[in-house]
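Summary of the model geometry
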Amino acid sequence: ILVETRFPSDPSAKGGGVGLITLHRPKALNALCDALFDDLIHAVMAFDHDEDIGCIVITGSTKAFAAGADISEMSKQEFANVYKKNMFSQWADITKTSKPIIAAVNGFALGGGCELAMMCDILLAGSKAQFGQPEINLGVIPGAGGTQRLIRAVGKSKAMEMVLTGNRISAQEAMDAGLVSKVIDSEILVDEAVKMGFTIAEKSGMAVRMAKEAVNVAEEVSLSEGLRFERRMFHALFATKDQKEGMSAFLEKRKPEFTNE
Ligand code: CAA
């Protein structure tokens, strides 16, 4: 088994469940070989389409979230082949999901592992996590977003330093640089990530999806286009039952019961 999936909740709760995906290739520190990534995408898509699930958590082991793309697989490749199959382009499917994904990163998140974490919507780091883009040591460069998403998260100087030296940064440094939103004790990291998943899953699934879409659009478009997109999404939410329910519940001083419609 390369990927384990689990609902740490009662899946009958409508949309209130959390789908936990654990990368499981311990012998290679979760190096992302093609088979592992295929399983991962399959698991992510299954949860994204599952009405019972409101949020997804991806984690690895305490030693490694993922130590990068699989070097033994890559070492045999030639230009024509990687170019023709557009190597790593399919990894971006992770970013096409409508439900939020939390990366709970313990241990090494290197190369493709760091890039996978950055494709997620919220990054939580275990206290012993280490982030890095060591591709330069292999005579290549990051190929799944390490030169593009990293700079947006940590700014040019730190991104350049990481990409050019291949040096790793600690969980605390990642936190200080804005790459992760929290550093959590390694032992309770996954539980805390799942708890955060439940907090998100109990909101309106419509609002959560649109919030994710709007925040992610900010990385792609100008400020005025982004603000316009945000406003249109905001307007659209007035067509949902959840907006009626959320606002009525507030005024009636009770907990809202969202139906994700
Ligand atoms: N690919 C394939 N196998 C890997 C791997 C990888 N990325 N990372 C680790 N492994 C394997 C090792 O070969 C080793 O296997 P064997 O026991 O069969 O020899 C096993 O995992 C354990 O690794 P180590 O013995 O090296 O463990 P360590 O604790 O001494 O070191 C490490 C850990 C610092 C993470 C080290 O394994 C390492 O540097 N790994 C490579 C990291 C890397 O360069 N990642 C970038 C890959 S390129 C990429 O990701 C491209 C992209 O942009 C998508």
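Before going into details, it helps to say that this report is about the structure given with it. These numbers were taken from a predicted model, which means no experiment stands behind them.

1. Remarks on the sheet that holds strand 6 (residues 108-110)
- With mixed pairing, the four strands of this open sheet are ordered in space as 4-6-8-9. With partners counted over all chains shown, the strands left at the sheet margins are strand 4 (64-66) and strand 9 (169-170), one partner each.
- Sheet topology places strand 8 (residues 130-132) next to strand 9; two bridges connect them, and they run antiparallel. Note that in strand 9 the partner of Phe131 across the bridge is Ile169.
- Its contacts with the sheet put helix 4 (residues 112-119) on strand 4, strand 6 and strand 8, and the angle it makes with strand 6 is roughly 90 degrees.

2. Focus: a nonpolar patch on the surface
- On the surface, a nonpolar cluster with roughly 380 Å² of combined accessible area is contributed by Ile136, Ile141, Met160 and Leu164.
- Considering the arrangement of structural elements, one finds Ile141 in the loop between strand 8 and helix 5 (149-154).
- Residue Ile141 is classed as exposed on the basis of its relative accessible area of 58%.

3. Quick look at the sheet that holds strand 1 (residues 3-6)
- Across the sheet, six strands lie side by side as 1-2-3-5-7-10; this open sheet has mixed pairing. The sheet is open, and its two edges are formed by strand 1 and strand 10 (182-184), each paired on a single side. The mean angle between the axes of side-by-side strands here comes to 25 degrees, regardless of whether they run parallel or antiparallel.
- One ladder, built from six bridges, connects strand 2 (residues 17-23) with strand 3 (residues 53-59); its direction is parallel. If you follow Val18 over to strand 3, its bridge partner there is Cys55.
- Packing of helix 1 (residues 34-49) onto the sheet brings it into contact with strand 1, strand 2, strand 3 and strand 5 (101-105), and relative to strand 2 it is tilted by some 180 degrees.

4. Section: the site of the ligand
- Around the ligand there are 25 residues in total, and Ala69, Gly112, Glu115, Glu135 and Gly143 lie nearest to it.
- At 3.1 Å from an oxygen atom of the ligand is found a side-chain nitrogen or oxygen belonging to Lys63.
- A distance of 2.7 Å separates an oxygen atom of the ligand from a polar atom in the side chain of Glu115.
- For the shell around the ligand, the secondary structure elements donating two or more residues are helix 2 (71-74), strand 6 and helix 4.
- Looking at the shell around the ligand residue by residue, the class counts come to 15 nonpolar, four polar and six charged.

5. Overview of the packing of aromatic side chains
- Within the structure shown, the criterion is met by four aromatic pairs.
- Their ring planes at 0 degrees and their centres at 4.2 Å tell us that Phe37 and Trp91 sit as a pair that is stacked. Of the two residues, Phe37 sits in helix 1 while Trp91 sits in the loop between helix 3 (79-84) and strand 5, which places them 54 residues apart along the sequence.
- A residue is classified by how much of its surface remains accessible, and Phe37, at 2% relative accessible area, is buried.
- The exposure class assigned to Trp91 is buried, which follows from its relative accessible area of 1%.
- When the centroid spacing of 5.3 Å and the interplanar angle of 70 degrees are considered together, the rings of Phe234 and Phe238 count as edge-to-face.
- Assessed through its relative accessible area of 48%, Phe234 is described here as partly exposed.
- Accessibility expressed as a relative area gives 36% for Phe238, which makes it partly exposed.

6. Things to note about the pairing of strand 3
- Among the seven residues in strand 3, seven count as buried, and that is most of the element.
- For the segment spanning strand 2, helix 1 and strand 3, crossover handedness is right-handed.
- Bridge analysis of strand 3 against strand 5 gives four bridges, and the strand direction is parallel. The residue of strand 5 that forms the bridge with Ile56 is Ile101.

Conventions and cut-offs
- Residues numbered from 1 in each chain as written.
- Predicted model: local features only at pLDDT ≥ 70, side-chain atom pairs only at ≥ 80, totals over all residues.
- Heavy atoms only, no water.
- Pairing = 2+ DSSP bridges.
- Helix = DSSP H or I, 4+ residues; strand = E, 2+ residues; numbered from the N terminus.
- Contact = heavy atoms within 4.5 Å.
- Axes fitted to C-alpha atoms, helices over the stretch in contact; angles between N-to-C directions.
- Patch = residues over 30% accessible without salt bridge, like charges linked within 9 Å, V, L, I, M, F, W, Y side chains within 5 Å.
- Areas by Shrake-Rupley, 256 points an atom, 1.4 Å probe, with all protein chains shown as cover.
- Salt bridge = Lys/Arg side-chain N within 4 Å of Asp/Glu carboxyl O.
- Buried < 20%, exposed > 50% of the residue type's maximum accessible area, 1.4 Å probe, protein only.
- Near = heavy atom within 4 Å.
- Polar contact = N/O pair within 3.5 Å; in protein donor to acceptor, adjacent residues only side chain to side chain.
- Nonpolar A, V, L, I, M, F, W, Y, C, P; charged D, E, K, R; others polar.
- Phe/Tyr/Trp six-rings, centres within 6.5 Å; stacked < 30°, edge-to-face > 60°.
- Right-handed = clockwise from strand over helix to strand, strands pointing away.

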